Amino acid sequence: QVQLVESGGGLVQAGDSLRLSCAVSGGTFSDYAMGWFRQAPGKEHDVVSTITRSGGSTYYADSVKGRFTISRDNAKNTVYLQMNSLKPEDTAVYYCAARRGVPVTQFRDYYYWGQGTQVTISS
C-alpha cells in the first residue's frame, strides 16, 4: 500500500517562505508522477504543481508561477514544494498526490494522496 505523508506546513506572514515535503512509502517512488494540490475552505482541490517521474518536466498553476518550485529526490522517495513570497491567498490545506504514468492537473485522477498539511499566511 502506497502511503504519502506531508510535512512542513505552518503559520507564517505574507512574504515569508515555507518548504513542504511529502515522503512516499510502500511503492517504487520513481514509478509515480507527483502533484501538489491545495484546498481552501469550501473549495475544490486545485492543482498547484506537478512533476514527472524523472523530475525532468514540471507544471505550475499561474497563481504560483515564479514563486513556487517543485522538486523530487527519487533516492529519498520525497517530493518537495518550495514556496516563496507567500500571500494570504495561498492559505489552504496542501496535499501531495501520486499516480502512475504522466502527471495531470485533476486531483481525482491521482491514485494516492496524503492527509494534507495546513498552510496559513497572515497579512
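Each residue is numbered by its place in its chain's sequence as written, counting from 1. Only residues with pLDDT of at least 70 get local features here, since the model is predicted, and only at 80 or more are side-chain atom pairs given and counted; chain-wide, interface and lining totals rely on the full set of residues. Excluded from the side-chain calculation are hydrogens and water; included are all heavy atoms of the structure.

Caption draft 1: Just the nonpolar core, in detail. Here, nonpolar core refers to any group of buried Ala, Val, Leu, Ile, Met, Phe, Trp, Tyr and Cys residues whose side-chain atoms link them within 4.5 Å. Residue burial is assigned from relative accessible area. The probe radius is 1.4 Å, only protein chains are included, and a residue is buried under 20% of its type maximum, exposed over 50%, and partly exposed in between. Counting 28 residues, the largest nonpolar core has M34, W36, V79, L81, M83 and Y94 as its most contacted members. Elements represented by at least two residues in this core include exactly β3 (18-25), β4 (32-39), β5 (46-51), β7 (68-73), β8 (78-83), β9 (92-100) and β11 (117-122). When near neighbours in sequence (up to four residues on either side) are disregarded, Y94 contacts E6, L20, W36, F37, R38, V48, F68, L81, M83, G116, T117 and V119. Counting residues in each nonpolar core, the second largest holds 6 residues, with F37, V47, Y95 and A97 among its members. Runs of E in the DSSP output that reach at least two residues are strands. Runs of H or I that reach at least four are helices, and both are numbered from the N terminus. Residues count as neighbours in contact if any of their non-hydrogen atoms are within 4.5 Å of one another.

Caption draft 2: Expanded view of unusual backbone geometry. Located in the positive-phi region is N77, a residue other than glycine, with phi close to 55°. With respect to the secondary-structure elements, N77 resides in the loop between β7 and β8. Given a relative accessible area of 27%, N77 falls into the partly exposed group. Positioned with a positive phi, S85 is a non-glycine residue whose angle comes to about 50°. For S85, the location among the structural elements is in the loop between β8 and β9.

Caption draft 3: Quick look at the side chain of R38. Within the fold, R38 resides in strand β4. According to the relative accessible area criterion, R38 is buried, its value standing at 12%. Only 3.4 Å separates the side chain of R38 from the side chain of S63, close enough to count as a polar contact. Here a polar contact is taken to be a pair of N or O atoms separated by no more than 3.5 Å, where protein atoms must pair a possible hydrogen donor with a possible acceptor and residues adjacent in sequence count only if both atoms sit in side chains. Polar contacts involving the side chain of R38 include one to the side chain of Y94, which spans 2.9 Å.

Caption draft 4: How the structure looks around the packing of aromatic side chains. For Phe, Tyr and Trp, where Trp contributes only its six-membered ring, two rings pair if their centres lie within 6.5 Å, and the inter-plane angle classes them as stacked under 30 degrees, edge-to-face over 60, or tilted in between. Going through the model one piece at a time under the given rule, you end up with 6 aromatic pairs. Relative to Y112, the ring of Y111 has its centre 6.4 Å away and its plane inclined at 85°; by these criteria the two rings are edge-to-face. Y111 sits in the partly exposed class, given a relative accessible area of 43%. One aromatic cluster is present, formed by F37, Y95, F107, Y110 and W113 through successive ring pairs. Stacked on the ring of Y80, the Lys or Arg R19 has its end atom at 4.0 Å from the ring centre. Positioned over the ring face of F29 is R72, at 4.2 Å from the centre of the ring. Charge-over-ring contacts are defined here by two conditions on Lys NZ or Arg CZ: a distance within 6 Å of the ring centre and an angle within 35 degrees of the ring normal.

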